[in-house]
Amino acid sequence: MKNFIKEFLLLVKAEFIREIIYIKRYPFESISFLFFMYIILMAIFLGMSQLSGGGGLNINHERMIIGYCLMQFVMSNQMGWAGQISNESQMGTLEQLSISGHSLATVLFARGIAQFPRQSASFFILMIAYAAAMPKMDLHLDHFYIAFFFLFLIALGVYGIAYLFAGLTLLFKRIGFFFQIINFAFLGLFWQNRDILPDGSIRAILYDFFPLTLGMKNLLLVFSSNTSSLIYPFLNQCIYSGIFTIAGFYLFRVMEKKARQMALLSQY
Amino acid sequence: MDLKVEALYKTYSKPLSKKKFEAVKNISFEIATGEIYALLGPNGAGKSTTIKMIAGLITPTSGKILFNNSAHKNYQVLSAVLEGSRNVYWRLTPLENLHYFANLRGVPSRQIKEKSELLLKELEIDAKKANQSRHLSRGMLQKLAIAAALITDPQILLLDEPTLGVDVASARNIKEKIRSLAKKEGKSVLLTTHQLDLVDQLADRVGIIQNGNLVREGTIEELKKISQNYLYHISIQGKFKIPAEWKKIFIITEIKYHSEITEFEVDCKTKTGMSSILEYFSKNKLDIIFLQKKRDNLEEVFLRSLESKSGVA
């Protein structure tokens, strides 16, 4: 166990250094991504304002902004692993990862941990940028240190789904368009108002137990003025994210085993 | 460290189909410490599948892979360079790549810098160590992939086509490194290749694979001996009619009549066959223009092994 932890930490170190090298070598990539994401939501707000003839639509801006920032956070994780599997199997580096002695599931988890600081930084930078553009919003950004822990738990839950996508990519390779469709479904979930969903309906169940929607609900709570009762949401998020991570991890291991049997880990 | 492969089998079945494809059939061989073993075979023979099963990239259908007679796979003792030069991250420099793979394979941090610098120097990539790998030539990339495989100081090295598409100078550098790894550092090397000259220069033993079967195995000298021939190419002045009794004793092929020369190939079958032919030429005062024994080179051995369907080693 001690050896496993030591090797895992070395793996996280390797991935973290690689991440830092890429950020330093291609700074414009990260900056342009943030700028692009920022512009899109501002354009959506502008479009809504135009549609309403300047009268304003009855929308919850705080929910929209948190949902949008969380969406970019989730998407970059969720699609990231599948994209990396697809790229690396073409490059040939997937072979090296597969024969490194680590399971690919462990490598991906280490990657997730190593990329978490950058992805959470993107989340907070976007939040700050929107808060600066819309000062009337009721967002308590000074609660960011609590949000950071929630964000980490959300990320763990997202890794569960990312594992599923990555495993399917291992087996079927080019299925990016299939994931795009699923992403649209996620997009709908983010901006769904839970209050109007009847309790017990499938959408309500999905909304309450899915780590990302559950995370959004909790983040709204964190960034609101009252943060006195966060213990229950925190534990709730821990349990559901944990279930998703463990389930995703084991599902991926099964798919990885199948890929090894079918010789699908080779360069293609 | 010894590597032993016992009755290795790999069968693929297509989804929604009962048809099965046997890529590797009952292959067994052994590589001793410090030995270079080459797997030769035509495309699709099963060489890469075999090497990938040993590396752990493909799960065998059945069979055993043993390291020092133990089935427990310790990945620290084994490294592989598979399918050419695209085994490294192109946006990282050679030095960054080596640091990444060293951390990935659990090399202690204090050893990484020194080992990386040494490998880059030995494989003559140190001049380009700060350039992104995407700017390196194919030969350089191949050497970098080998360096990345060697960063863990493995006891067993698997090399799939290590000099394919590499320029002469780089190929020589790679060959020297492989030889030194086996002979000076005692590493066991398994390589697959189509390049017979590489096998001739490097391999201690050779296994020839065809259709997933190991059809021949032995040292290069042993293989040449097994396939030894008494095949001669002869040119005689004038029109020469092959004597009828020769056709009963020897195998005469490739008879060609040019204006003043008769050319043919004869398989004497025995060591003494040629002396009776020469005696006939001398007795009939025939002028021999050209006489050459066909060489028992590795290419001949290889081709004849593939032709002989019953020649299972």
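Note that this is a predicted model, so its numbers are computed, not measured.

About the cut-offs
- Residues numbered from 1 in each chain as written.
- Chains lettered and ligands numbered in written order.
- Predicted model: local features only at pLDDT ≥ 70, side-chain atom pairs only at ≥ 80, totals over all residues.
- Heavy atoms only, no water.
- Axes fitted to C-alpha atoms, helices over the stretch in contact; angles between N-to-C directions.
- Helix = DSSP H or I, 4+ residues; strand = E, 2+ residues; numbered from the N terminus.
- Parallel < 35°, antiparallel > 145°, perpendicular 65-115°, else oblique.
- Left-handed = near helix turned anticlockwise from the far one by under 90°.
- Nonpolar A, V, L, I, M, F, W, Y, C, P; charged D, E, K, R; others polar.
- Patch = residues over 30% accessible without salt bridge, like charges linked within 9 Å, V, L, I, M, F, W, Y side chains within 5 Å.
- Areas by Shrake-Rupley, 256 points an atom, 1.4 Å probe, with all protein chains shown as cover.
- Salt bridge = Lys/Arg side-chain N within 4 Å of Asp/Glu carboxyl O.
- Buried < 20%, exposed > 50% of the residue type's maximum accessible area, 1.4 Å probe, protein only.
- Polar contact = N/O pair within 3.5 Å; in protein donor to acceptor, adjacent residues only side chain to side chain.
- Contact = heavy atoms within 4.5 Å.
- Pairing = 2+ DSSP bridges.
- Buried area = accessible area lost by both parts, 1.4 Å probe.
- Core = buried A, V, L, I, M, F, W, Y, C linked by side-chain atoms within 4.5 Å.
- Phe/Tyr/Trp six-rings, centres within 6.5 Å; stacked < 30°, edge-to-face > 60°.
- pLDDT = per-residue confidence, 0-100.

Trainee: Help me understand the packing of helix H6 (residues 144–172) of chain A against helix H10 (residues 231–261) of chain A, please; the structure alone is not making it clear to me.
Mentor: Any two packed helices are characterised by how steeply their axes cross, that is the angle between the axes, and by the distance between the axes. Residues and elements named next belong to chain A. Contact geometry for H6 and H10: axes closest at 8 Å, N-to-C directions at 20 degrees. It follows that H6 is roughly parallel to H10 by the angle criterion. The two elements H6 and H10 meet at a crossing, and its hand is left-handed.

Trainee: In this structure, what is going on with the packing of helix H3 (residues 61–91) of chain A against helix H5 (residues 104–133) of chain A? I would like to understand it.
Mentor: Residue and element names in this part refer to chain A. It is at 10 Å that the axes of H3 and H5 come closest, and there the two elements cross at 150 degrees. Classified by the angle between their axes, H3 and H5 sit roughly antiparallel to one another. Regarding H3 and H5, the two cross each other, and that crossing is right-handed. For the contact of H3 with H5, the class distribution of residues is 15 nonpolar, nine polar and two charged.

Trainee: What should I look at first to understand a nonpolar patch on the surface in this one?
Mentor: A surface patch of nonpolar side chains, about 470 Å² in accessible area, is lined by A:Met1, A:Phe4, A:Ile5 and A:Leu9. The class of A:Leu9 is exposed, set by a relative accessible area of 54%.

Trainee: Before we go on, may I ask you to explain the side chain of A:His102 in this structure?
Mentor: With respect to the secondary-structure elements, A:His102 resides in the loop between helix H4 (93–98) and H5. Its relative accessible area of 9% is what places A:His102 among the buried residues. At 2.8 Å, the side chain of A:His102 and the backbone oxygen of B:Leu104 are in polar contact. Contact partners of A:His102, with chain neighbours within four places excluded, come to A:Glu7, A:Leu11, A:Leu97, A:Val107 and B:Leu104.

Trainee: Explain the sheet that holds strand E2 (residues 20–31) of chain B here, please?
Mentor: What links the strands of a sheet is backbone hydrogen bonding, and the strands pair in either a parallel or an antiparallel sense. Residues and elements named next belong to chain B. Taken in spatial order, the three strands make up an open sheet running E2-E1-E4, and their pairing is antiparallel. Of all strands in the sheet, those bounded by a partner on one side alone are E2 and strand E4 (62–67). Sheet twist, expressed as the average angle between the axes of neighbouring strands with direction ignored, equals 20 degrees. Sheet analysis places strand E1 (residues 3–13) next to E2, joined by eight bridges and oriented antiparallel. What sits directly across from Thr11, in E2, is Glu22. Sheet strands in contact with helix H1 (residues 47–55) are E1, E2 and E4, and its direction is about 115 degrees off that of E1.

Trainee: Whenever I open this one, the pattern of salt bridges confuses me. Can you help?
Mentor: Opposite charge on two side chains allows them to pair when their charged atoms are near. Under the definition given, this model contains 16 salt bridges over all chains. Its salt-bridge partner being A:Asp208, residue A:Lys217 comes within 4.0 Å of it at the nearest N-O pair. Measuring nitrogen to oxygen at the nearest pair gives 2.3 Å for the salt bridge that ties B:Lys177 to B:Glu122. Residue B:Lys177 is found in helix H5 (residues 168–183), and its partner B:Glu122 is found in helix H3 (residues 109–122); the two are separated by 55 residues along the sequence. One salt-bridge network, held together by shared partners, links A:Glu15, A:Arg18, A:Glu88 and A:Arg111.

Trainee: Please clarify how the interface of chain B and chain A should be interpreted in this entry.
Mentor: With 32 residues of chain B in contact, the opposing surface of chain A contributes 33 residues. Taking both sides of the interface into account, the surface hidden between chain B and chain A amounts to around 3,000 Å²; carbon and sulfur atoms contribute 54%. Its largest share of buried area at the contact with chain A, chain B owes to B:Leu57, B:Arg91 and B:Leu104, together 22% of the area lost on that side. One salt bridge connects A:Glu29 with B:Arg91, and the closest N-O pair in it is separated by 3.8 Å. Summed over the shared surface of chain B and chain A, the result is 14 residue pairs in polar contact (both at pLDDT 80 or more). For the side of chain B that touches chain A, the secondary structure elements donating two or more residues are E1, H1, strand E5 (78–81) and helix H2 (94–104) of chain B. Of the residues forming the side of chain B that touches chain A, the biggest block, five residues, is contributed by H2(B). Residues of the side of chain B that touches chain A, tallied by class, amount to 16 nonpolar, eight polar and eight charged.

Trainee: I tried to follow the nonpolar core on my own but got confused; where do I start?
Mentor: Within soluble globular proteins, side chains that are nonpolar generally end up buried alongside one another. Formed by 160 residues in total, the largest nonpolar core has its most connected members in A:Ile65, A:Leu70, A:Phe123, A:Leu219 and B:Phe29. When residues of this core are assigned to their parent elements, the largest contribution, 18 residues, is made by H6(A). With residues near it in sequence (within four places) discarded, B:Phe29 still touches B:Leu3, B:Lys4, B:Val5, B:Tyr37, B:Leu39, B:Thr50, B:Ile54, B:Leu190, B:Leu214 and B:Glu217. Counting 14 residues, the second-largest nonpolar core is a separate cluster that includes B:Tyr232, B:Ile234, B:Phe240 and B:Ile252.

Trainee: How should the packing of aromatic side chains be read in this particular structure?
Mentor: Aromatic rings considered in pairs are described by the distance between their centres and by the relative angle of their planes. All names here are of chain A. Scanning the model with the defined rule gives 33 aromatic pairs over all chains in all. Relative to Tyr163, the ring of Trp81 has its centre 5.0 Å away and its plane inclined at 65 degrees; by these criteria the two rings are edge-to-face. Within this pair, whereas Trp81 is found in helix H3, its partner Tyr163 is found in helix H6, the two being separated by 82 residues in sequence. Note on Trp81: relative accessible area 0%, which makes it buried. What makes Tyr163 buried here is its relative accessible area of 0%. Each ring, one from Phe123 and one from Phe124, has its centre 5.3 Å from the other, and the planes form 85 degrees; the classification is edge-to-face.

Trainee: Is there a simple way to explain unusual backbone geometry in this structure?
Mentor: The phi angle of most residues is negative, glycine excepted, and most peptide bonds adopt the trans form. Of note in this structure, A:Ala263 is not a glycine but carries a positive phi near 60 degrees. As for its position among the elements, A:Ala263 is in the segment after H10. By relative accessible area, A:Ala263 is classed as partly exposed at 21%. Phi at B:Glu161 is positive, roughly 50 degrees, even though this residue is not glycine. The residue B:Glu161 is located in the loop between strand E6 (156–160) and H5 in this model. The exposure class assigned to B:Glu161 is buried, which follows from its relative accessible area of 10%.

Trainee: I would appreciate a short explanation of the confidence of the model for chain B in the present structure.
Mentor: Residues and elements named next belong to chain B. Confidence in the prediction for chain B averages 86 pLDDT; 92% of positions are at 70 or higher. Summarising per-element confidence for chain B, the mean pLDDT is lowest in helix H10 (residues 298–307) (71) and highest in H2 (94). Confidence drops under pLDDT 50 across residues 309–313; counting only partners more than four residues distant or on other chains, this segment forms eight contacts. The complex prediction reports pTM at 0.83, with the ipTM value standing at 0.87.

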